[in-house]
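# Architecture and fold: a report
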Amino acid sequence: MADRWRLERAGITNVYQYGEETLRFGGGRLLLRGVNGSGKSTAMNMLLPFLLEADTRRIDAAGEQAGVLRSWMLSGREEQQPVGYLWIEFARGYEHLTCGCGIRANRSTERVNTWWFVTSRRPGIDVALVENRTPLGVDALRAALGSDDVFASDQRPAYRAEVRRRLYGGQDLEQHLRLLHVVRNPRVGDRVDLDLANYLQDALPQLSEGALDDAAQPLEDLEEHRRNVEDLTRTASALDGLDAVYRNYARTELYLRTGEADGLVEALRTREREEADVRARQAEAIAERDQAAGAIEQLESNTRRLALEIETLKSRDAYQAGAELTHLREHLGSLDRQITVVVAEVEVRAGRHRDAQSAVDAARSDAEADLTSLRHGLSDLGRLGLEAGLSLRPPDALRVETRARPPDNLEIPMGNPEVEGSRRRLSEVRADAQHRRGDVREVTATREQVERALGGVRDAERRVADAEEAEGSDREDLARARTTATETIERWRHELHAWLVRLDDHRGAQGLAATESDPLATTDLAGDREKVTSTLLDLAQATIEHHRAISAALAVRHEADETVVSECRERLTELAARVLPDPPSASWQRPDRGRCLSELVDFRSDLDPGDRPGLEAAMEAAGLLSAEVMADGTLALTDGRLVALGGGTVEQPLSILLMAAIPDEPDGPIADAVKGVLDAISTRAEDLAGSAQQTVVTAEGHFRIGLLRGRHLKAEAEHIGVTARRAALERQRAEAKARLVEAEQALVATGAERARRHALVQEAVAMHQALPNARAVSEALLAVDHATGRAEHSLARLRERHRHQQSAEVAHGEAVDTSRRTASSFGLPHDHQGLERVAQAIGETLVACDLLNRQLTTVARSVDQWIRLGSAWDQAVEDEAAG
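Residues numbered from 1 in each chain as written. Predicted model: local features only at pLDDT ≥ 70, side-chain atom pairs only at ≥ 80, totals over all residues. Heavy atoms only, no water.

## A few points about the overall build of the protein
Each helix and strand in the protein was counted, giving 18 helices and 18 strands. Going through the 883 residues of the protein one by one, you find that 35% of them count as buried. Here the contacts in the protein between residues at least 6 apart in sequence split such that 70% fall between residues at least 24 apart. Approximately 52100 Å² of the protein is accessible, and the part contributed by carbon and sulfur atoms is 51%. (Helix = DSSP H or I, 4+ residues; strand = E, 2+ residues; numbered from the N terminus. Buried < 20%, exposed > 50% of the residue type's maximum accessible area, 1.4 Å probe, protein only. Contact = heavy atoms within 4.5 Å. Areas by Shrake-Rupley, 256 points an atom, 1.4 Å probe, with all protein chains shown as cover.)

## Concerning the sheet that holds strand S1 (residues 6-13)
Across the sheet, which stays open at both edges, the six strands sit in the order S2-S1-S3-S4-S5-S8 with antiparallel pairing between neighbours. Edge positions in the sheet fall to strand S2 (20-24) and strand S8 (149-151), since each of these pairs with one other strand and no more. Shown here is a sheet whose adjacent strand axes are inclined to one another by a mean of 15°, direction ignored. Looking at chain direction, S1 and S2 are connected through five bridges and run antiparallel. Within the sheet, the bridge partner assigned to Arg9 lies in S2 and is Arg24. In the packing of helix H1 (residues 40-47) onto the sheet, the strands contacted are S1, S2 and strand S3 (83-92), and the crossing angle to S1 comes to about 110°. (Pairing = 2+ DSSP bridges. Axes fitted to C-alpha atoms, helices over the stretch in contact; angles between N-to-C directions.)

## Structural notes on a nonpolar patch on the surface
Together, Leu239, Leu242, Val245, Tyr246 and Tyr249 make up an exposed nonpolar region whose accessible area comes to about 570 Å². Along the chain, the position of Tyr246 falls in helix H9 (residues 222-314). Judged by relative accessible area, which is 53%, Tyr246 ranks as exposed. (Patch = residues over 30% accessible without salt bridge, like charges linked within 9 Å, V, L, I, M, F, W, Y side chains within 5 Å. Salt bridge = Lys/Arg side-chain N within 4 Å of Asp/Glu carboxyl O.)

## Comments concerning the confidence of the model for the protein
On average, residues of the protein score 80 in pLDDT, and 86% of them are at 70 or above. By mean pLDDT, the top-scoring element of the protein is S3 (92), and the lowest-scoring one is strand S14 (residues 642-645) (56). (pLDDT = per-residue confidence, 0-100.)

## With respect to unusual backbone geometry
Leu48 connects to Pro49 through a cis peptide bond whose omega is 0°. Following the sequence through the fold, Pro49 ends up in the loop between H1 and helix H2 (50-53). Of note in the backbone geometry, Asn14 takes a positive phi value of approximately 60° without being a glycine. Take Asn14: it is sitting in the loop between S1 and S2. Backbone geometry places Arg133, a non-glycine residue, at a positive phi of 65°. One can find Arg133 in the loop between strand S6 (130-131) and strand S7 (134-135).

## A short note on the sheet that holds strand S17 (residues 702-705)
In space, the three strands of this open sheet follow the order S16-S17-S18, with antiparallel pairing throughout. Two strands bound the open sheet, and with one partner strand each, they are strand S16 (695-697) and strand S18 (708-711). Between one strand axis and the next, the sheet turns through 10° on average, direction left out of account. Sheet topology places S16 next to S17; three bridges connect them, and they run antiparallel. If you follow Val697 over to S17, its bridge partner there is Phe703. Helix-sheet contacts for helix H14 (residues 612-622) involve S16 and S17, and the interaxial angle to S17 is about 30°.

## Looking at the side chain of Thr98
As for its position among the elements, Thr98 is in strand S4 (residues 95-106). Classification of Thr98 by relative accessible area gives buried; the value is 0%. A polar atom in the side chain of Thr98 sits 3.2 Å from the backbone oxygen of Arg121. Excluding residues within four positions of it along the chain, Thr98 makes contact with Trp87, Ile88, Glu89, Phe117, Val118, Thr119, Arg121, Arg122 and Pro123. (Polar contact = N/O pair within 3.5 Å; in protein donor to acceptor, adjacent residues only side chain to side chain.)

## Thoughts on the packing of helix H12 (residues 420-509) against helix H16 (residues 722-769)
One way to put it is that H12 packs onto H16 with a least axis distance of 11 Å and a crossing angle of 160°. Relative to H16, the element H12 is oriented roughly antiparallel. Here H12 and H16 pass one another in a crossing that is left-handed. Mapping the contact onto sequence places Trp499, Arg502, Leu503 and His506 in H12 and Leu760, Glu763, Ala764, Met767 and His768 in H16. Along the lines of polarity and charge, the residues of the contact of H12 with H16 split into five nonpolar, two polar and two charged. (Parallel < 35°, antiparallel > 145°, perpendicular 65-115°, else oblique. Left-handed = near helix turned anticlockwise from the far one by under 90°. Nonpolar A, V, L, I, M, F, W, Y, C, P; charged D, E, K, R; others polar.)

## Details of the pairing of S1
Counting buried positions over the eight residues of S1 gives six, a clear majority of the element. By the bridge criterion, seven bridges tie S1 to S3 in an arrangement that is antiparallel. Residue Ile12 lies in a different strand from S3, and its bridge partner there is Leu86. The turn joining S1 and S2, which pair antiparallel and follow one another in sequence, is formed by six residues; a positive phi near 60° is taken by Asn14.

## So, the packing of aromatic side chains
Pairs of aromatic rings are described using the distance from one ring centre to the other and the angle between the two planes. One pass over the structure, following the stated rule, counts six aromatic pairs. Centroid distance Tyr16 to Tyr18: 6.3 Å. Interplanar angle 40°. Geometry classified as tilted. Seen in terms of ring centroids, Phe151 and Tyr159 are 6.0 Å apart; in terms of plane orientation they differ by 70°. Their pairing is edge-to-face. You can call Phe151 buried: its relative accessible area is 10%. You can call Tyr159 buried: its relative accessible area is 0%. Ring pairs connect the aromatic residues Phe50, Trp116, Phe151 and Tyr159, which therefore count as one cluster. (Phe/Tyr/Trp six-rings, centres within 6.5 Å; stacked < 30°, edge-to-face > 60°.)

## Things to note about the packing of H12 against helix H17 (residues 775-826)
Where H12 meets H17, the closest approach of the two axes is 6 Å, and the angle between their N-to-C directions is 165°. Judged on the interaxial angle alone, H17 and H12 are roughly antiparallel. H17 is crossed by H12, and the crossing has left-handed handedness. When grouped by side-chain class, the residues that make up the contact of H12 with H17 number 30 nonpolar, 13 polar and 16 charged.

## Digging into the environment of Glu628
In this structure, Glu628 sits in strand S12 (residues 628-629). Between the C-alpha atoms of Glu628 and Ser598, which are 30 residues apart in sequence, the distance is 9.2 Å.

## Some words on the pattern of salt bridges
Using the criterion set out here, one finds 43 salt bridges in the structure. The residue Arg273 makes a salt bridge to Glu266 at a minimum N-O spacing of 3.7 Å. We classify Arg273 as partly exposed; its relative accessible area is 43%. In this structure, Arg854 engages Glu266 in a salt bridge whose closest nitrogen and oxygen atoms are separated by 3.8 Å. Of the two residues, Arg854 is situated in helix H18 (residues 832-882) and Glu266 in helix H9; the sequence distance between them amounts to 588 residues. Judged by its relative accessible area of 40%, Arg854 is partly exposed. A single network of salt bridges, built from pairs that share partners, joins Glu616, Glu620, Lys714 and Glu718.

As structure tokens, then:
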């Protein structure tokens, strides 16, 4: 295993709910513990097999969730562009290899970009993926890794190839990864009995011929192995039989030795108690001896004192005189005493006879009582032996042979009873009871195993009940989560439909085409929520852009209208300040020109008013009105072209229709120049076709200047004469005012349209922002995933506990069978109460054996006392007869 890569560490940085977490594998294994919903499955989904195959579509175990990376990076965050890393580290000896993924999400576009890297550097040790608490971007990562590979999102095939090359020597892992996806799918158990075998078979590599030969060789040796197994089985069976025989023999011997040891222990305890009694009596005797020694010493002292007093009295005369009388009295008293002694001796011997007879009767009563008690004890022992199922019977009751002796016909035992045989039989019964106690203990042990197995069954049942309750609760939670998810999806669908209706109404009101196809017409709205949301946002954005384009055009138009209004106001102000209007002029004429002809002439009073507009129109079109009157009497334009030359004469000059009108200089040179010019211009229509040198204008609007000919008409005169000019000024003022009103109205209309369009833009933007988002749907689906994980975990736990319950029930059944067989083999009841009765009977049997042993001793002592007292009675009878 030293030449293989092994999982060493893994890391999650700023992804999902993890800040900067490093997971350490122990011996290539990792155990994650936590309550449901704490993120264990999510953490594993982040690492394997995701970092090996770089497939963002198959991150979750079920392979059904879309946008998992976006949800991990954006859900519950405030960052606009969060960056995170996932990486896993492998070790082989002293070599290390790290492969990982960088993730950047954009909240405004809701897009996720990934990049991938393979390096021999170790994150957090040789290279830092976070600087100043900020994860590195892709460029910073390239700079940090140096020559190691960093792959863009579209280079994931190259990343996968590099991972497989460096980790697995370039071997194809597709079948193994496919199997990994299959077995981690939470629904693999739905058809596990049908499909899993095929999945496992598909994941197996093709076997080589050598491997097949190696596999076939053990099959060829199978028969020889079978014979060896049969021989070993027979040998094992023989050894088991031998073991059973010697086990029973050893058990019996052990019980006998144990009984003997218990008897010796009991004897030792009896001797110890007797020794204690003797020591106590010895202490009492020593105390009595010491007390008697003190009393003797006191009496000897009194004796010596009295002897001294007697000697003193004897030496006196009175004593000598009465000594003889005293001697006679003493002789008489001695005779009386002898008679008394003889009578007392006769009475004592008769009393001894009576006492000995009474003692014999009492000893016989005691012995008979002890024998009766012994018989009852032996009877009880027999009954207990039957209850305990002992194979040995208790000893028979002791029998004491007696004979009647004269003269009182007292029953005196002929000898001591034989108790040693009874003691041996009691010892055997006791050993049998001890052996039986071992049998009971063995059966009790099997019963305890039954009780433990029953406790295991009850515990398994309780755990199954707990698991069923938890599974039911989790299943209900899953059903509620699914119902909530369905309701959330439907609510979101209705919200999206209402939003789309409002958008279509908005677009329809502005003449925009409605959506060609219904974006909500999908069978999996939740799965397509990103696509649906993107489509609706694009539609709203297109509406916004349409309104903004029109609004921009309206802004340009509004600015132009403001310019027109400003110009109209300036024009009206200018016209209001004038007394007379400007003479006609062309755009190319200089503003500092001298007086033009229109300012210096007026219609003659006799000219028909109907001819005036035509004449003025002809003169204006010919350039005469805007031509400057020169001091030499000529009429010239600004560019120097000569329009008319004064001083000539024509048949019908213009002077018959116009006259010079110069208020400040009616008869000066200018007036003469004007007259000369008017005289030189013809008004006769026939002259229009005449010489090119002649200037002609007619009241019908025809004109000719050199080679230029034409006609121009107008409704009324406005440049010739003060009255016409003033009227023209008024008309210009009215025109300017009307144009100003029109321009202001246009400005107001453009402003109103612009405001309306701005409101439409705002409305479209508000609709864009008000698009019901799918966050609630994602949370509901995530809740369903979590609830599904909990329900599946609870179901797996329930199934596992069902299996444990079945195993416990099987174990209980086996324990019951074992207990019954063991009890049956020992001839014992298998029930607890029966075993208790037998055990109690065995205990009482052992106690009874000990008690009967003591009763045997008591009976032996009582009979022996009976015999001794009988001998004393015999002696008393003989003494009485001798007296």
